[in-house]
Amino acid sequence: MAARAEHCTHARAQALFQTMASSLVVLAALALFATAGALSPAMAQVKAPAKSKLKPVAKADPTDSVADQLNAKWQQENGAFAGFKAAQPAATPASLSTGPAGGGGSDWGDRLVSRAMNYLGTPYRYGGISPKTGFDCSGFVYYLYGAVFGQRIPRMPHDMAREGTPVARADLKRGDIVFFGYGGTFTHVGIYAGNGQFVHATHRGSPVMVTALDADYYRTRYMTAVRLTPQ
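On a predicted model such as this, the values are computed, not experimentally measured, just so you know. (Residues numbered from 1 in each chain as written. Predicted model: local features only at pLDDT ≥ 70, side-chain atom pairs only at ≥ 80, totals over all residues. Heavy atoms only, no water.)

**Some remarks on the sheet that holds strand β4 (residues 177-182)**
Step number 1: If you walk across this open sheet you meet the six strands as β3-β8-β4-β5-β6-β7, and the pairing is antiparallel. Edge positions in the sheet fall to β3 (165-166) and β7 (208-212), since each has one partner strand and no second.
Step number 2: Alignment of β3 against strand β8 (residues 222-227), held across two bridges, turns out to be antiparallel. Looking at β8, one finds that P166 is bridged to V226.
Step number 3: In the packing of helix α3 (residues 107-117) onto the sheet, the strands contacted are β5 (185-194), β6 (197-201), β7 and β8, and the crossing angle to β5 comes to about 105°.
Step number 4: Packing against the sheet, helix α4 (residues 137-149) makes contact with β4, β5, β6 and β7, and its axis sits at approximately 45° to β5. (Pairing = 2+ DSSP bridges. Helix = DSSP H or I, 4+ residues; strand = E, 2+ residues; numbered from the N terminus. Contact = heavy atoms within 4.5 Å. Axes fitted to C-alpha atoms, helices over the stretch in contact; angles between N-to-C directions.)

**Regarding the pattern of salt bridges**
Step number 1: On inspection of all chains with the given rule, the structure shows six salt bridges.
Step number 2: Note that D214 and R169 form a salt bridge whose closest N and O atoms lie 2.8 Å from each other. Taken together, the positions of D214 in the loop between β7 and α6 (216-219) and R169 in the loop between β3 and β4 put the pair 45 residues apart, joining distant regions of the chain.
Step number 3: The exposure class assigned to D214 is partly exposed, which follows from its relative accessible area of 49%.
Step number 4: We classify R169 as partly exposed; its relative accessible area is 34%. (Salt bridge = Lys/Arg side-chain N within 4 Å of Asp/Glu carboxyl O. Buried < 20%, exposed > 50% of the residue type's maximum accessible area, 1.4 Å probe, protein only.)

**Digging into the pairing of β6**
Step number 1: Within β6, five of the five residues are buried, leaving the element largely enclosed by the surrounding structure.
Step number 2: Alternating positions in β6 separate into two faces, Q197, V199 and A201 on one and F198 and H200 on the other, with burial throughout.
Step number 3: As consecutive antiparallel partners, β5 and β6 are separated by two residues, and within that stretch N195 has a phi angle of approximately 55°, a positive value.
Step number 4: In the sheet, β6 pairs with β7 via five bridges, with the strands oriented antiparallel. Residue pairing across strands places Q197 opposite A212, the latter belonging to β7.
Step number 5: The turn linking β6 back onto β7 is made up of six residues, and G205 within it adopts a positive phi angle of 95°.

**Overview of the nonpolar core**
Step number 1: Formed by 34 residues in total, the largest nonpolar core has its most connected members in F140, Y145, I177 and V199.
Step number 2: Of all the secondary structure elements, the ones that give two or more residues to this core are α3, α4, α5 (157-163), β4, β5, β6 and β7.
Step number 3: Per element, the largest residue contribution to this core is ten residues, and it comes from α4.
Step number 4: Among residues more than four places away in sequence, those in contact with V199 are A116, M117, L120, F140, G190, I191, A193, V208, M209 and V210.
Step number 5: Grouped together as the second largest cluster of nonpolar side chains are ten residues, V178, F198, L213 and A225 included. (Core = buried A, V, L, I, M, F, W, Y, C linked by side-chain atoms within 4.5 Å.)

**What about the packing of α3 against α4?**
Step number 1: With their axes 10 Å apart at the nearest point, α3 and α4 run at an angle of 115° to one another. As α3 packs across α4, the resulting crossing turns out to be right-handed. When α3 is examined against α4, the residues W108, R111, L112, R115 and A116 are found in contact with a partner set consisting of F140, Y143, L144, Y145, A147, V148 and F149. (Left-handed = near helix turned anticlockwise from the far one by under 90°.)

**Here's the deal with α3**
Step number 1: Within α3, eight of the eleven residues are buried, which leaves the element mostly enclosed by the surrounding structure.
Step number 2: Of all the residues in α3, the buried ones are W108, G109, D110, L112, V113, R115, A116 and M117.

**What to know about the packing of aromatic side chains**
Step number 1: The tally for this structure, following the rule as stated, stands at twelve aromatic pairs.
Step number 2: Between Y119 and Y143, the aromatic rings sit 5.6 Å apart at their centres with planes inclined by 85°, giving edge-to-face as the arrangement. Of the two residues, Y119 sits in the loop between α3 and β1 (129-130) while Y143 sits in helix α4, which places them 24 residues apart along the sequence.
Step number 3: Looking at Y143, the relative accessible area reads 0%, which means it is buried. (Phe/Tyr/Trp six-rings, centres within 6.5 Å; stacked < 30°, edge-to-face > 60°.)

Structure representation (structure tokens):
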């Protein structure tokens, strides 16, 4: 009898222990689910970017598809670059918004400048060659030749200079490519727009804009210009 009672007591104790252990497991599971439920809404919540930080949208143009094809080919061969930064749009200068002005220009030069004005305010992007992502200085010129003439010109400034015919500063016409730099190295490029001004993708933090050749920074860095007649 004593042995049976001892065995019964032991069995009851073991059952009680198992019940308590199961309860602890259930409580731990409930606590874990409660914690996950409290965190998940916060983790899933993503703030939409403020409107002021969204990049300006460039004007769409049906002929952009030609340049996009050239751009895609160049990106496949050379890779894409980072460094996008949005910038505020710029207004088209009144002196350049209608027809040729000081500096004359050929028909193709007027077409090139007119198209370039469509992208004033487009953000700068290092390595950029499309209005969808932004431009760098030589990428802007490269893109325009593809968009306007369906022509693939060299991508880098020194190669552009080799392709074109040198033009004296006094003989500049709309559509000529102007180069800036120092020590024999080109560091910037743009399209002459007439009236002593040029249109260009400026630098990180600034958009495509029109600037005077005699502006403080560019006056001392002007190097040369070429006329790259489309084929």
